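# Architecture and fold: a report
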Amino acid sequence: MKDGMYTIGEFASLLGVSKAVIYKWEKEGKINKAKRVKRGKTMYRYYTAEDIRDLRVDMNIQTPLTKRRKQLFLNFKGGTGKSVISANYGYRLAQHGFKILMVDLDPQGHLTKCLGCNPEDFSKTLYDVIINKVPIQSVIISSKLTTLDIIPANLGLSPIELSLTSLHAREFKLKRVLTDIEDSYDIIVLDAPPNIGLLNLNAILSVNDLLVPVLADFLSYDGLKILFETLRDIEDEFEYVLDNIYIFLNRYNESMNISTRSRDAIRKNYADFVCDTMIRQNTTLSDATALGMSIFEYAPNSRAAIDINKLVNEILDI
Ligand SMILES: Nc1ncnc2c1ncn2[C@@H]1O[C@H](COP(=O)(O)OP(=O)(O)O)[C@@H](O)[C@H]1O
Ligand SMILES: [Mg+2]
């Protein structure tokens, strides 16, 4: 079936129940009946990601994720799509009914904007939580999706690099404050700032997985080398091992020679880490962002929506 539309069988397996249970619930009026679409002479019945969310919330169905996860979108280079892709990735997961917290770690507040919020509206940030010991709950805001919460960022977060420097156990501050709330979420998605600083080190040491968007050009390829060397140093120094590193190509353009050549080079040299999914170049993504909307609201049939949906499915195996 088309992306974003689920057959009754797919719907059932996403919810972790059998098809028979779905039919029973439909009959008993516990859930909405599947929508219908006609293709040629055949009528198909389907559900959507929003139906999955509503059902999980209404019927209090536990998610089938085997393990709660914290995932950081990281690349020390700017402009690779960390903010835009992470916003849409988290939004999609929330549409699927997973309870999601999105954390903006960049004082520029790009993730905050991508999620439709104005960074300047918030008087407190993670700075107040980490440095002034304000409870983390007080900087969490709700979104229009019941399953999506956000910790926004703005310039108030920028002095954190300096303030962290003089603290004891300064590398583990973020990890510690997240422990207060992490049991309330299935997945915490963090968007990193584009530098190698103490806040990013805190972020890396807080998470299970890294998601690394790379552009299909040769500068980005060099950037990956620096990233992996840095990660190796961090793992040695802090005796810490990440569960997974997922590299994915972003702004991919098949008609460009440079795109296909760097794709091949990355696949060859980072074979253990590269996702099959590539996010194609698609201006609809910037259009949606400019309006503070997710691609799944703005253009659910666009290439960007299809690709990001695929990335979600590949990484979380759903
Ligand atoms: N697949 C894509 N197609 C088109 N534009 C994209 C794509 N991915 C990202 N962009 C655009 O690239 C710019 C940089 O993305 P951003 O997420 O801000 O990068 P980062 O957070 O890594 O600095 C933004 O203007 C964004 O809209
Ligand atoms: Mg960014």
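Rules behind the numbers
- What you see as residue numbers is a count from 1 along each chain, following the sequence as written.
- Labels are handed out in written order, letters beginning with A for the chains and numbers beginning with 1 for the ligands.
- In keeping with the model being predicted, local features are shown solely for residues with a pLDDT of at least 70 and side-chain atom pairs are shown and tallied solely at 80 or more, while totals for entire chains, interfaces and linings include all residues.
- The exposure label follows from counting other C-beta atoms within 10 Å of a residue's C-beta, where the C-beta atoms are placed from the backbone and the thresholds are 20 or more for buried and 12 or fewer for exposed, leaving partly exposed in between.
- Think of it this way: any DSSP run of H or I at least four residues long counts as a helix, any run of E at least two long counts as a strand, and we number them from the N terminus.
- Any pair of residues counts as being in contact when their C-beta atoms, constructed from backbone geometry, are within 7 Å of one another.
- Here, strands pair whenever DSSP counts at least two bridges between them.
- Here, a nonpolar core denotes buried Ala, Val, Leu, Ile, Met, Phe, Trp, Tyr and Cys residues that are linked to one another through C-beta atoms within 7 Å.
- Domain start and stop positions are those given by an automatic or database domain assignment.
- By definition, a residue lies near a molecule or strand provided its backbone-derived C-beta atom is within 6 Å of it.
- As a working rule, the residues Ala, Val, Leu, Ile, Met, Phe, Trp, Tyr, Cys and Pro are called nonpolar, Asp, Glu, Lys and Arg charged, and the rest polar, with Gly in that last group.

What follows is about helix H3 (residues 49-59). Among all positions in H3, only Ala49, Asp51, Ile52, Arg53, Leu55 and Arg56 are buried. The inward-facing, buried residues of H3 contact helix H1 (8-15), strand E3 (42-48) and helix H4 (82-95).

A few words now on the sheet that holds E3. Overall, antiparallel pairing links the three strands, which are arranged E1-E3-E2 in an open sheet. Two strands close off the open sheet at either side, each with one partner strand: strand E1 (5-6) and strand E2 (35-39). The sheet contact formed by E1 and E3 spans two bridges and is antiparallel. Considered in E3, the bridge of Tyr6 is made with Tyr47.

A separate point is the nonpolar core. In this structure, Leu72, Ile100, Met102, Leu190, Ala203 and Ile308 are the most contacted members of the largest nonpolar core, which totals 70 residues. The greatest single-element share of this core, amounting to seven residues, is contributed by H4. In this structure, Phe11, Leu15, Ile31 and Ala49 belong to the second largest nonpolar core, which totals 11 residues.

Our focus in this paragraph is the domain arrangement of the protein chain. You can read the domains of the protein chain as domain 1 (5-59) and domain 2 (69-316). The straight-line distance from the C-alpha centre of domain 1 to that of domain 2 is 31 Å. Between domain 1 and domain 2, the contact holds six residues from the first and five residues from the second.

Our next topic: the site of ligand 1. Among the 19 residues in the neighbourhood of ligand 1, the closest are listed as Gly81, Lys82, Ser83, Val84 and Ser286. Elements represented by at least two residues in the shell around ligand 1 include exactly H4 and helix H12 (284-290). Here the residues of the shell around ligand 1 are counted per class, giving five nonpolar, 12 polar and two charged.

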